[in-house]
2 protein chains.
Amino acid sequence: MKRVYNFSAGPAILPEAVLQEAASEMLDYQGTGMSVMEMSHRSKVFIQIIEEAEKDLRKLIGIPDNYKVLFLQGGATTQFSMVPMNLMKHKKADFIITGNWAQKAYEEASKYGQANVIASSEDKMFSYIPNLKDLPISEDADYVHIVENNTIYGTRFYELPDTKGKTLVSDASSCFLSEPIDITKYGLIFAGAQKNVGPAGTVIVIIREDLITKDYPEYTPIMLRYDIQAENKSMYNTPPTYGIYLCGKVFKWLLNLGGLEAIQKINIEKANILYDYLDQSKMFFGTVEKKSRSLMNVTFKSTSPELDDKFIKEAKANGFDNLKGYRTVGGMRASIYNAMPIEGIKALVSFMDKFEKENLG
Amino acid sequence: MKRVYNFSAGPAILPEAVLQEAASEMLDYQGTGMSVMEMSHRSKVFIQIIEEAEKDLRKLIGIPDNYKVLFLQGGATTQFSMVPMNLMKHKKADFIITGNWAQKAYEEASKYGQANVIASSEDKMFSYIPNLKDLPISEDADYVHIVENNTIYGTRFYELPDTKGKTLVSDASSCFLSEPIDITKYGLIFAGAQKNVGPAGTVIVIIREDLITKDYPEYTPIMLRYDIQAENKSMYNTPPTYGIYLCGKVFKWLLNLGGLEAIQKINIEKANILYDYLDQSKMFFGTVEKKSRSLMNVTFKSTSPELDDKFIKEAKANGFDNLKGYRTVGGMRASIYNAMPIEGIKALVSFMDKFEKENLG
């Protein structure tokens, strides 16, 4: 068995220790004589798994008691519908457009009320986070929606927008658990698990209790009601049990590492190694504004698309996989989530440096 | 490692060979250097996995080209909303109520149009399948909805209702792939994977192409549109990749066994062993009408609730797990899905016989 350095943007690399544990428990979870995926979600053993996962997540982030934690299905894209269906009481929401996912969330919300673009970085191919000072927040906006880290373009919010008292909704799919956050600044955070937390098929929602009401359109599908999901502790129907079990293992892995402060330190160190190299390279350069650079998705290009292709191909042959940039962006993208070890970054930079020396004309 | 005989109604037992393969591939899928759950859903390797899963499923069932196969999220409960949203063109659908899931589907459909109960077995605690001759099908019904196997009560349809030309929609969650079916009799079949096919979090939908239209209410969430899911081959967003991979392995396991004819033969043999024992027992008895007996979920009781409890407890201590009946039904339920080996049934019957002899007053 040989593991590659996997820079996939998602589904993405998971901690090797977590996968090893999962493999060893596949046929018999802790003496139960069955796999976690073979257990009733109502069984004592599984209820302990989901409750422990929630407890560990609360501990990791520091989630106050007036926030609910939900483990749902349908990915972040289902949240694009679920959020407006449940939160748009005045049928109005404001969006900061920093990439494809913000745009899709905005389009979906437009089905359910008036969605307003209050800032956008589309003018420069989403290569920066717009100025967040004195945004034209709608007076009766039910919430302001942001995508906190932009997987495709490689940007991130370093500060949260001043919502002028309105509820902040954050799609944190690609930066969730990468650093400490103050949950009280948010009304709702959602994150697809498949970037930093677990396998695809689980989406984590953290929602302030007062936002969970029975005031939603009659047509709201029962599975897309936060009240139903909260009252049933994410088990109105069978939840994605195996995914939740793996998320729980990742939470424990993070706690053992020292929590979000510890992983933030590592993530900054990892990103700095890569950005520092890019900033001095004569062949490779970062594609986004320096002050908006993501710590999770590092986008860069070389001097030509042909050279990009050559680099991606040779990198793959040398054990650095999934470095190709998003199809509409081109170039390269190194997604360096929590589970990417610092050795992977050092090895990549060393390979890039070698490639540069060999190919600089 | 010791495996128990797991009679859970779902999530449920999976073939041991499938779990062993999954465990062995957990850290490195076929030399890729990564787990299937760490792969981009757009990668060549994963696209091959999902395409092969679909191909194998088509081969197993014999699915004609004019039917689409979708691997979705949200469980059967999400289909309770998705089906009426997409199929209720005349805002009318007929329901045969044979248990809780049919009732829930009916209630959910009532949000989107007129849902009619055209037959029900509620009068006798859902212990039988209603007479299917000359049902009062609504003249402009968009479809007739059935639950083909009733997990909770232990009944099943042995023939399909005459829908008088209307589209048949079947919730086949707990009997999917347990026997051959003629797909052309159905407009749409859906099945949560967690009974007979794979882990919770994947729901399989087989839908006739002409039912996939762009005629749905404007409020339909984008993830709940069959057109979007079909056009994007179940990958409008990240699908539950690991679940699909496991479903694919179960399809191959079934093909290797000899397909649905072969597993049907085994399933009939398994159920007969258990029902034959029940029919001669002086302590245990089946709880549903003989001609409606499920081959997947065998419900039974003993002479008293106290004895039921004693039996369940002693059975568990002897390696027969999850035999407790559904809370509103009481008694026992042995779910004997495809993956339950015939040895498990024989061992259970032998244990029941011993228990009977020891406890018959």
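From a predicted model like this one, the values you see are computed outputs, not experimental measurements. Per chain, residues are indexed from 1 in the order of the written sequence. For this description, chains carry letters from A and ligands carry numbers from 1, given in the order in which they are written. Residues qualify for local features only when their pLDDT is at least 70, as the model is predicted, and side-chain atom pairs are given and counted only at 80 or more; totals for whole chains, interfaces and linings, by contrast, use all residues. Only hydrogens and water are removed before side-chain values are computed, so all heavy atoms of the structure are retained for them.

Novice: It is not clear to me how the relation of the copies chain A and chain B should be interpreted in this structure. Could you clarify?
Specialist: Put simply, the two copies of the chain differ by a rotation about an axis and a shift along that axis. When chain A is brought onto chain B, the operation consists of a screw motion whose angular component is 180° and whose axial shift is 0.0 Å, with 0.0 Å RMSD remaining. The symmetry that links the two subunits is that of a two-fold axis. Within chain A, the C-alpha atom positioned nearest to the axis of rotation is that of A:Ala23, 2.3 Å from it. Two residues qualify as a contact provided that any one of their heavy atoms is within 4.5 Å of a heavy atom in the partner residue. A shared interface surface links the copies, since 100% of the contact residues of chain A are contact residues in chain B too. For the least-squares superposition of copies, only C-alpha atoms count, and only for residues with pLDDT at least 70 in both.

Novice: In this structure, what is going on with the sheet that holds strand β2 (residues 67-72) of chain A? I would like to understand it.
Specialist: Strand pairing in a sheet is mediated by backbone hydrogen bonds. Such pairs are either parallel or antiparallel. Residue and element names in this part refer to chain A. Read across the sheet, seven strands follow the order β2-β10-β9-β8-β5-β3-β4 without closing on themselves; strand pairing throughout is mixed. The sheet terminates laterally at β2 and β4 (114-120), the two strands that pair on one side only. Across the sheet, the mean angle from the axis of one strand to that of its neighbour is 20°, orientation sign disregarded. For two strands to count as paired, DSSP must find a minimum of two bridges between them. Helix and strand assignments come from DSSP, with helices taken as H or I runs of at least 4 residues and strands as E runs of at least 2, each series counted from the N terminus. Two elements, strand β3 (residues 92-97) and β4, share six bridges in a ladder whose sense is parallel. Directly across from Phe95, in β4, lies its bridge partner Val117. Only the contacting stretch of a helix is used when fitting its axis, a line to C-alpha atoms as for every element, and angles between N-to-C directions run 0 to 180 degrees.

Novice: Got a minute to help me understand the nonpolar core in this structure?
Specialist: It is characteristic of soluble globular proteins that their nonpolar side chains tend to be buried jointly. Core analysis: the largest hydrophobic core is formed by 182 residues, its most contacted members being A:Phe176, A:Tyr242, A:Phe311, B:Phe176, B:Tyr242 and B:Phe311. Not counting the four nearest positions on each side in its chain, B:Tyr242 is found in contact with A:Met26, A:Met37, A:Tyr242, B:Ala22, B:Met26, B:Ser35, B:Val36 and B:Met37. What is meant by a nonpolar core is a set of buried Ala, Val, Leu, Ile, Met, Phe, Trp, Tyr and Cys residues, joined one to another through side-chain atoms within 4.5 Å. Relative accessibility decides the category of a residue: with a 1.4 Å probe and only protein chains considered, values under 20% of the type maximum give buried, values over 50% give exposed, and everything between is partly exposed.

Novice: What should I look at first to understand the domain arrangement of chain A in this one?
Specialist: Residue and element names in this part refer to chain A. Segment limits for the domains were obtained from an automatic or database-derived domain assignment. The domain boundaries assigned to chain A delineate domain 1 (16-257) and domain 2 (259-359). Taken over C-alpha atoms, the centre of domain 1 sits 27 Å from the centre of domain 2. The partner domain 2 presents 26 residues to the 29 residues of domain 1 that form the contact. Roughly 2300 Å² is buried in total at the junction of domain 1 and domain 2, and carbon and sulfur atoms are behind 57% of that figure. Nitrogen and oxygen atoms within 3.5 Å of one another constitute a polar contact, given that in protein one can donate a hydrogen and the other can accept it, and given that sequence-neighbouring residues count only through two side-chain atoms. Across the contact surface, domain 1 and domain 2 share 13 residue pairs in polar contact (both at pLDDT 80 or more). Among the elements of the structure, α2 (44-61), β6 (149-150), β7 (155-156) and α6 (241-257) are those that each provide at least two residues to the side of domain 1 that touches domain 2. Considering only residue class, the side of domain 1 that touches domain 2 consists of 16 nonpolar, 10 polar and three charged. The term buried area denotes the loss of accessible surface (1.4 Å probe radius) that occurs when two parts are joined, taken as the sum for both partners. Charged residues are taken to be Asp, Glu, Lys and Arg, nonpolar residues to be Ala, Val, Leu, Ile, Met, Phe, Trp, Tyr, Cys and Pro, and polar residues to be all remaining types, Gly included.

Novice: What is the right way to look at the interface of chain A and chain B in this model?
Specialist: How big an interface is tends to be stated in terms of the accessible area lost upon association of its parts. Opposite the 60 residues of chain A that make contact, chain B presents 60 residues. Counting each side, the surface lost to burial between chain A and chain B is near 4700 Å², with a carbon and sulfur contribution of 60%. Considering only the surface of chain A that becomes buried against chain B, A:Leu27, A:Met37 and A:Glu38 emerge as the three largest contributors, covering 15% of it. The term salt bridge refers to a pairing of a side-chain nitrogen on Lys or Arg with a carboxyl oxygen on Asp or Glu at a separation within 4 Å. Across the contact surface, chain A and chain B share two salt bridges. In this structure, B:Arg3 and A:Glu38 form a salt bridge, with 2.6 Å as the shortest nitrogen-oxygen distance. The interface formed by chain A and chain B holds 24 residue pairs in polar contact (both at pLDDT 80 or more) in total. Sorting the residues of the side of chain A that touches chain B by element identifies α1 (16-24), α3 (75-87), α4 (100-109) and α6 of chain A as the ones contributing at least two each. Broken down by class, the residue content of the side of chain A that touches chain B amounts to 28 nonpolar, 22 polar and 10 charged.

Novice: I would appreciate a short explanation of unusual backbone geometry in the present structure.
Specialist: Only a minority of non-glycine residues have a phi that is not negative, and only a minority of peptide bonds are not trans. Residue and element names in this part refer to chain A. With an omega dihedral of -10°, the bond running from Gly10 to Pro11 counts as a cis peptide bond. Turning to its location among the elements, Pro11 is positioned in the loop between β1 (5-6) and α1. Positive phi, close to 55°, is recorded for Lys164, a residue that is not glycine. In this fold, Lys164 is placed in the loop between β7 and β8 (167-171). Judged by relative accessible area, which is 43%, Lys164 ranks as partly exposed.

Novice: Teacher, can you tell me more about empty space enclosed by the protein here?
Specialist: Empty space among the atoms becomes visible once a probe the size of a water molecule is rolled across them. With a 1 Å grid laid over protein atoms only, a set of points is called a cavity when a 1.4 Å probe fits there but cannot get out and a pocket when it is open yet has protein on both sides within 12 Å along at least five of seven lines; lining residues have an atom within 4 Å of a point. Grid points are joined across faces, edges and corners, and a volume is the space filled by probe spheres set on the points. This model, assessed by the stated rule, comprises 10 cavities of 30 Å³ or more. Of the volumes computed, that of the largest cavity is approximately 220 Å³. Considering the residues around the largest cavity, the lining is formed by 24 residues, among which A:Gly74, A:Thr78, B:Gln73, B:Gly74 and B:Met223 are closest to the centre. Of all the elements in the fold, those that place two or more residues in the lining of the largest cavity are α3 of chain A together with β2 (67-72) and α3 (75-87) of chain B. Residue composition of the lining of the largest cavity, grouped by class: 11 nonpolar, 13 polar and no charged. Those elements that provide at least two residues to the lining of the second largest cavity are α6 of chain A together with α6 (241-257) of chain B.

Novice: Would you mind going over the environment of A:Glu139 with me for this structure?
Specialist: Inspection of the secondary structure assignment puts A:Glu139 in the loop between β4 and β5 (143-147). C-alpha of A:Glu139 to C-alpha of A:Lys166: the two residues are 27 residues apart in sequence and 8.8 Å apart in space.

Novice: It is not clear to me how the pattern of salt bridges should be interpreted in this structure. Could you clarify?
Specialist: A side chain of one charge can pair with a side chain of the opposite charge when the charged atoms of the two come close. Residue and element names in this part refer to chain A. Scanning the entire structure with this criterion turns up 46 salt bridges over all chains. Of the charged contacts in the structure, one is a salt bridge between Lys249 and Glu25, with a shortest N-O distance of 2.9 Å. With Lys249 in helix α6 and Glu25 in the loop between α1 and α2, this pair connects stretches of sequence that are 224 residues apart. No difference in accessibility class separates Lys249 from Glu25, as the two residues are buried. Across the pair Lys252 and Asp56 runs a salt bridge, and its minimum N-O distance is 2.6 Å.

Novice: What exactly am I supposed to notice about the state of the cysteines here?
Specialist: Put plainly, a disulfide is one covalent bond tying together the sulfur atoms of two cysteines. Whenever a pair of cysteine sulfur atoms sits within 2.5 Å, that pair is classed as a disulfide. Under the counting rule described, the total for this entry stands at zero disulfides over all chains. Counting only cysteine sulfurs, A:Cys247 is the nearest neighbor of A:Cys175, a cysteine outside any disulfide, at a range of 16 Å.

Novice: Looking at this structure, how should I read α1(A)?
Specialist: Each turn of an α-helix holds 3.6 residues, which means side chains three or four residues apart point in the same direction. Taken residue by residue, α1(A) has A:Val18, A:Leu19, A:Ala22 and A:Ala23 as its buried positions. One side of α1(A) carries all its buried residues, which in axial view fall inside an arc of 135°. In this structure, the buried side of α1(A) is in contact with α6 of chain A together with α1 (16-24) of chain B. Arc definition: directions from the helix axis to the C-beta atoms.

Novice: Any chance you could explain helix α7 (residues 259-280) of chain A here in plain terms?
Specialist: Residue and element names in this part refer to chain A. An expected span of 1.5 Å times one less than the residue number is assigned to each helix. The end-to-end C-alpha distance of α7 is 32 Å, a good match for the 32 Å that 22 residues give at a rise of 1.5 Å each. Buried within α7 we find Gly259, Leu260, Ala262, Ile263, Asn267, Lys270, Ala271, Leu274, Tyr275, Tyr277 and Leu278. Structurally, α7 contributes buried residues whose contacts are with α2, α6, β11 (285-286), β12 (297-301), β14 (332-335) and α9 (342-359).

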